[in-house]
Amino acid sequence: MERASLQCLLFLTSVLCCRSIQAGLTVSPSSSQLFEEDSVSLSCEEDDSSAGWRLRRNTTRETRTQCDDWGRSAGSSCNISFIVSLDSGVYWCESREGATSNSINITVTGGAVILQSPVLPVMEGHDVTLHCKTKTPPSNLPAAFYKDGSLIKETTGHMTIHHVDKSDEGLYSCDITGHGESPRSWITVTGDPTTTAPPTASTSLHLVFRLLLHLVVFSLFFISTVLMVSLYRHRATEHHLPVSVAMTPLTQAEQGLGDDSDDVIIAVTTEHLF
């Protein structure tokens, strides 16, 4: 019974500890749009390699497929050497325990123009540069940049948005006269972690949950340690039980034997010695 309880506690402790392990997905080249026949490498930036993070994706034809079905696996990375439009979809990392990383949308086009934009969320206050590229040189041609279908700017090759904020989120695209228009890509802007924001009910609840999780893990570890020590001492006691000798008083009949009884006892003792 004690052994079963101990194993259960150790299992729960390991499960709760593993829930805090995280990974982030990165892409090289860092662009949300790619030309057909390009190569791309996706990697899981992991806190713990023992968690077994692997790449998965959803496309228009498949759901939750692993790297071995559409690329070349290399540990927690996946390489696609000849990407096609059917590879467009959502990519993410997933551990053996079912934990997931951030997801990335990749669009593969057979057209002549792409918009190179960040695949990861952009921090508020940072600068973002968008590149409008053609599949064949020259790539630094005059281009028009659009946000949510409206013209932002006409410039040569690239456009920089300075000190982005939440209002800069949206669908971006570009157009090069005589070559065509790129697909649209969503740019996400997140809060700057260096600034201190006032706590909200959701953040406070998250902090309380994290604190309770750590307390539960510590409590389970402490209880499992106590049970292990107790079980060890119990087994040690069973193997080293003291031997006690019980002395019973002589009965009156035995006491009344007198000197003759001593002779009998001595005789019997002598007989056993031989």
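Residues numbered from 1 in each chain as written. Predicted model: local features only at pLDDT ≥ 70, side-chain atom pairs only at ≥ 80, totals over all residues. Heavy atoms only, no water.

A short note on the state of the cysteines
Stage number 1. Evaluation of the coordinates by the stated rule reveals 3 disulfides.
Stage number 2. The residue that forms a disulfide with Cys 67 is Cys 78, at a sulfur-sulfur distance of 2.0 Å. Across the S-S bond linking Cys 67 and Cys 78, the dihedral sits near 85 degrees, which makes this disulfide right-handed. In this pair, Cys 67 is assigned in the loop between strand S5 (65-66) and strand S6 (72-74) and Cys 78 in strand S7 (residues 77-80), connecting sequence segments 11 residues apart.
Stage number 3. A sulfur-sulfur distance of 2.1 Å marks the disulfide that ties Cys 132 to Cys 174. Looking down the S-S bond of the Cys 132 and Cys 174 bridge, the torsion is 85 degrees, so its handedness is right-handed. With a gap of 42 residues between them, Cys 132 in strand S12 (residues 128-134) and Cys 174 in strand S16 (residues 170-176) connect regions that are remote in the sequence. As far as the burial class goes, Cys 132 and Cys 174 line up, both buried.
Stage number 4. For the chain, the bonded cysteines connect in the pattern 1-4, 2-3, 5-6 when numbered consecutively along the sequence. (Disulfide = S-S within 2.5 Å. Helix = DSSP H or I, 4+ residues; strand = E, 2+ residues; numbered from the N terminus. Buried < 20%, exposed > 50% of the residue type's maximum accessible area, 1.4 Å probe, protein only.)

Quick look at the sheet that holds S12
Note: strands within a sheet are paired through backbone hydrogen bonds, in either parallel or antiparallel orientation.
Stage number 1. Pairing is antiparallel across the open sheet formed by 3 strands, whose spatial order is S10-S12-S15. In this open sheet, the two strands that pair with only one neighbour each are strand S10 (113-116) and strand S15 (158-161). With strand direction ignored, the average angle separating the axes of adjacent strands in the sheet is 15 degrees. (Pairing = 2+ DSSP bridges. Axes fitted to C-alpha atoms, helices over the stretch in contact; angles between N-to-C directions.)

Observations regarding the packing of aromatic side chains
Stage number 1. Counted by the stated rule, this structure contains 1 aromatic pair.
Stage number 2. An angle of 85 degrees between the planes, with centres 5.4 Å apart, marks the rings of Trp 70 and Tyr 91 as edge-to-face. Note that Trp 70 is positioned in the loop between S5 and S6 and Tyr 91 in strand S8 (residues 89-94), a separation of 21 residues in sequence.
Stage number 3. We classify Trp 70 as buried; its relative accessible area is 11%.
Stage number 4. Judged by relative accessible area, which is 1%, Tyr 91 ranks as buried. (Phe/Tyr/Trp six-rings, centres within 6.5 Å; stacked < 30°, edge-to-face > 60°.)

Concerning the sheet that holds S7
Stage number 1. The strand order S1-S3-S7-S6 describes an open sheet built from 4 strands, whose pairing is antiparallel. Of all strands in the sheet, those with a lone pairing partner are strand S1 (23-28) and S6, marking the two edges. Sheet twist, expressed as the mean angle between neighbouring strand axes with direction ignored, is 20 degrees.
Stage number 2. Of the strand pairs in this sheet, S1 and strand S3 (residues 40-46) are connected by 6 bridges, and their pairing is antiparallel. Each residue of the ladder has a partner; that of Gly 24, found in S3, is Glu 45.

Things to note about the confidence of the model for the chain
Stage number 1. Residues of the chain with pLDDT of at least 70 account for 68%, and the chain-wide mean is 78.
Stage number 2. Note on residues 243-247: pLDDT is under 50 here. Beyond four places in sequence and across chains, it has 0 contacts.
Stage number 3. The low-confidence segment residues 260-274 (pLDDT under 50) makes 0 contacts with residues lying over four places distant or belonging to another chain. (pLDDT = per-residue confidence, 0-100. Contact = heavy atoms within 4.5 Å.)

Regarding the pattern of salt bridges
Pairing between side chains becomes possible if they bear opposite charge and their charged atoms approach one another.
Stage number 1. In this structure the tally under the stated criterion is 6 salt bridges.
Stage number 2. Note that Glu 62 and Arg 57 form a salt bridge whose closest N and O atoms lie 2.5 Å from each other. Residue Glu 62 shares its accessibility class with Arg 57, and that shared class is buried.
Stage number 3. In this structure, Glu 169 engages Lys 166 in a salt bridge whose closest nitrogen and oxygen atoms are separated by 3.5 Å.
Stage number 4. Relative accessible area serves as the criterion here: at 21%, Glu 169 is assigned to the partly exposed category.
Stage number 5. By sharing partners, the salt bridges in this structure join Arg 56, Arg 64 and Glu 94 into a single network. (Salt bridge = Lys/Arg side-chain N within 4 Å of Asp/Glu carboxyl O.)

Brief notes about a nonpolar patch on the surface
Stage number 1. Together, Phe 222, Ile 223 and Val 226 make up an exposed nonpolar region whose accessible area comes to about 270 Å².
Stage number 2. Relative to the helices and strands, Val 226 is located in helix H2 (residues 201-239). (Patch = residues over 30% accessible without salt bridge, like charges linked within 9 Å, V, L, I, M, F, W, Y side chains within 5 Å. Areas by Shrake-Rupley, 256 points an atom, 1.4 Å probe, with all protein chains shown as cover.)

Structural notes on unusual backbone geometry
Stage number 1. Between Ser 28 and Pro 29 the backbone carries a cis peptide bond, its omega angle lying at 0 degrees.
Stage number 2. Tracing the chain through its elements places Pro 29 in the loop between S1 and strand S2 (33-35).
Stage number 3. Backbone geometry places Arg 64, a non-glycine residue, at a positive phi of 55 degrees.
Stage number 4. Among the secondary structure elements, Arg 64 is positioned in the loop between strand S4 (54-58) and S5.
Stage number 5. A positive phi angle, near 50 degrees, is found at His 163, a position not held by glycine.
Stage number 6. In this structure, His 163 sits in the loop between S15 and S16.

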